[in-house]
Amino acid sequence: MRVIIKEDKNDCTTWVARYIAYRIKRARPTAKNPFVLGLPTGSTPLGVYHELIDLCKNKKVSFEHVVTFNMDEYVGLEPTNPQSYHYFMYNNFFDHIDINPKNIHILNGLTKDYAKECENYERAIQTYGGIDLFLGGVGTDGHIAFNEPFSSLQSRTRIKTLAPSTIKDNSRFFGNNVTNVPKQALTVGVGTIMDAQEVIIMALGENKAQAVYQAIEGSINHQWTVSALQMHPHGIIVCDSSAAAKLSKNTVEYFNSIENR
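Thresholds, definitions, all that
Residues numbered from 1 in each chain as written. Predicted model: local features only at pLDDT ≥ 70, side-chain atom pairs only at ≥ 80, totals over all residues. Heavy atoms only, no water. Axes fitted to C-alpha atoms, helices over the stretch in contact; angles between N-to-C directions. Helix = DSSP H or I, 4+ residues; strand = E, 2+ residues; numbered from the N terminus. Parallel < 35°, antiparallel > 145°, perpendicular 65-115°, else oblique. Contact = heavy atoms within 4.5 Å. Nonpolar A, V, L, I, M, F, W, Y, C, P; charged D, E, K, R; others polar. Buried < 20%, exposed > 50% of the residue type's maximum accessible area, 1.4 Å probe, protein only. Polar contact = N/O pair within 3.5 Å; in protein donor to acceptor, adjacent residues only side chain to side chain. Phe/Tyr/Trp six-rings, centres within 6.5 Å; stacked < 30°, edge-to-face > 60°.

**Q** Would you explain the packing of helix H2 (residues 46-57) against helix H3 (residues 85-92) in this entry?
**A** Working note: a packed helix pair is described by the angle between its axes plus the distance between those axes. Between H2 and H3, whose axes approach to 10 Å, the crossing angle comes to 40°. Classified by the angle their axes make, H2 and H3 are oblique. On the side of H2, the interface is formed by Leu46, Tyr49, His50 and Ile53, while H3 contributes Phe88, Met89 and Asn92. Broken down by class, the residue content of the contact of H2 with H3 amounts to 5 nonpolar, 2 polar and no charged.

This is the structure:
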C-alpha cells in the first residue's frame, strides 16, 4: 500500500487530479483501447473534478478516449433529481470535459430488475478488460462505494440497504432530513473495486481518521470494508493531516520518508 499524507484538502485534491491526468496520458488511450476510470460521487472528489476540468480546458489532459464507470446510484431517484448521482456527475464533471457521452456508465436506480442491471454492469466492465484506475472516497464507518460494514470483501455489483450512519452522513445533501435520504442504492462491490489495476481512496477531515487508521493499521475485515485495500497490489490512500491523526508516529514517518526520497 502507498499512503500519501498531505497538509490539507487542497493539496490532496491537487495530487489526485494530477496523478489521474498523468495515468491517462501515460496510457495513450485510443478509441479501440480506452483508459477505463472508476469514479465516485460525494463531497470528497469535488475538488478533484474541478481540477481535472481545468486541466482538460487547458489541454493538459483529454477524456476523449476515457471510459467511466461510476461506483453507485440511489434507488428510486430520477436522473434529473439534483440528489441523484447521474445529476451530480454531469453537473460537476461530465458536462465540462471532452468525454464521449457513450463512454459514460452509471447504474440505473430506476430499473425494474436490480439483479439484471447489476449483472450487466459487471459485464460491461469486463468488455473493456476491467477498470484501469478506480477513485473512491471512504465513509466515516469505513465503507467504500455503498459497501456498508459487514459487506463481503468479495462482493460484486448489487443492491444494498444503507446503514443508519450512512443515511445520517448523507442527509446533509437532503436538507439535513434523514427521512429524505433513499434507503437503498445500487453499488459496485468490494471485489469489483479490488479488480481494478489501481485503486485510490481519498480521506479528508478528522471525521475520517478512524477509517484511515483501520484501513492502514487495522486488520483486514468486513466491518471496515476499506481495509480490503491492504490486499491490493497497487492501492493508494491519499489523506490530509487531519484524517491521518490516529495513525502512529512510526507509520506516518515511514510513509512520509518514502514519498520524500
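Now that the structure has been shown, the text picks up again.
**Q** Would you take a moment to explain the environment of Gln184 for this structure?
**A** Its place among the elements puts Gln184 in strand S8 (residues 184-187). With a relative accessible area of 32%, Gln184 lands in the partly exposed category. A sequence separation of 77 residues divides Gln184 from Arg261, and the C-alpha atoms of the two residues are 45 Å apart. With residues near it in sequence (within four places) discarded, Gln184 still touches Tyr74, Val75, Ile159, Lys160, Thr161 and Leu162. A distance of 3.5 Å separates a polar atom in the side chain of Gln184 from a polar atom in the side chain of Thr161.

**Q** Honestly, the packing of aromatic side chains in this entry has me stumped. Any pointers?
**A** Describing an aromatic ring pair means giving the distance of the ring centres and the angle of the ring planes. If you walk through the whole model with that rule in mind, you get 13 aromatic pairs. Measuring from ring centre to ring centre gives 5.5 Å for Phe63 and Phe93, while their planes differ by 85°; the resulting arrangement is edge-to-face. One end of the pair, Phe63, is in the loop between H2 and strand S3 (66-70); the other, Phe93, is in the loop between H3 and strand S5 (104-105), and 30 residues separate them in sequence. Of the two residues, Phe63 and Phe93, neither departs from the other in class, the shared state being buried. On the numbers, 4.8 Å between centres and 40° between planes, the contact of Tyr74 with Tyr85 is tilted. Taken together, the residues Tyr74 in strand S4 (residues 72-74) and Tyr85 in helix H3 connect sequence positions 11 residues apart. Residue class for Tyr85 comes out buried when judged on its relative accessible area of 10%. Here a set of aromatic residues connected by ring pairs shows up, and it is made of Tyr49, Phe63, Tyr90, Phe93 and Phe94.

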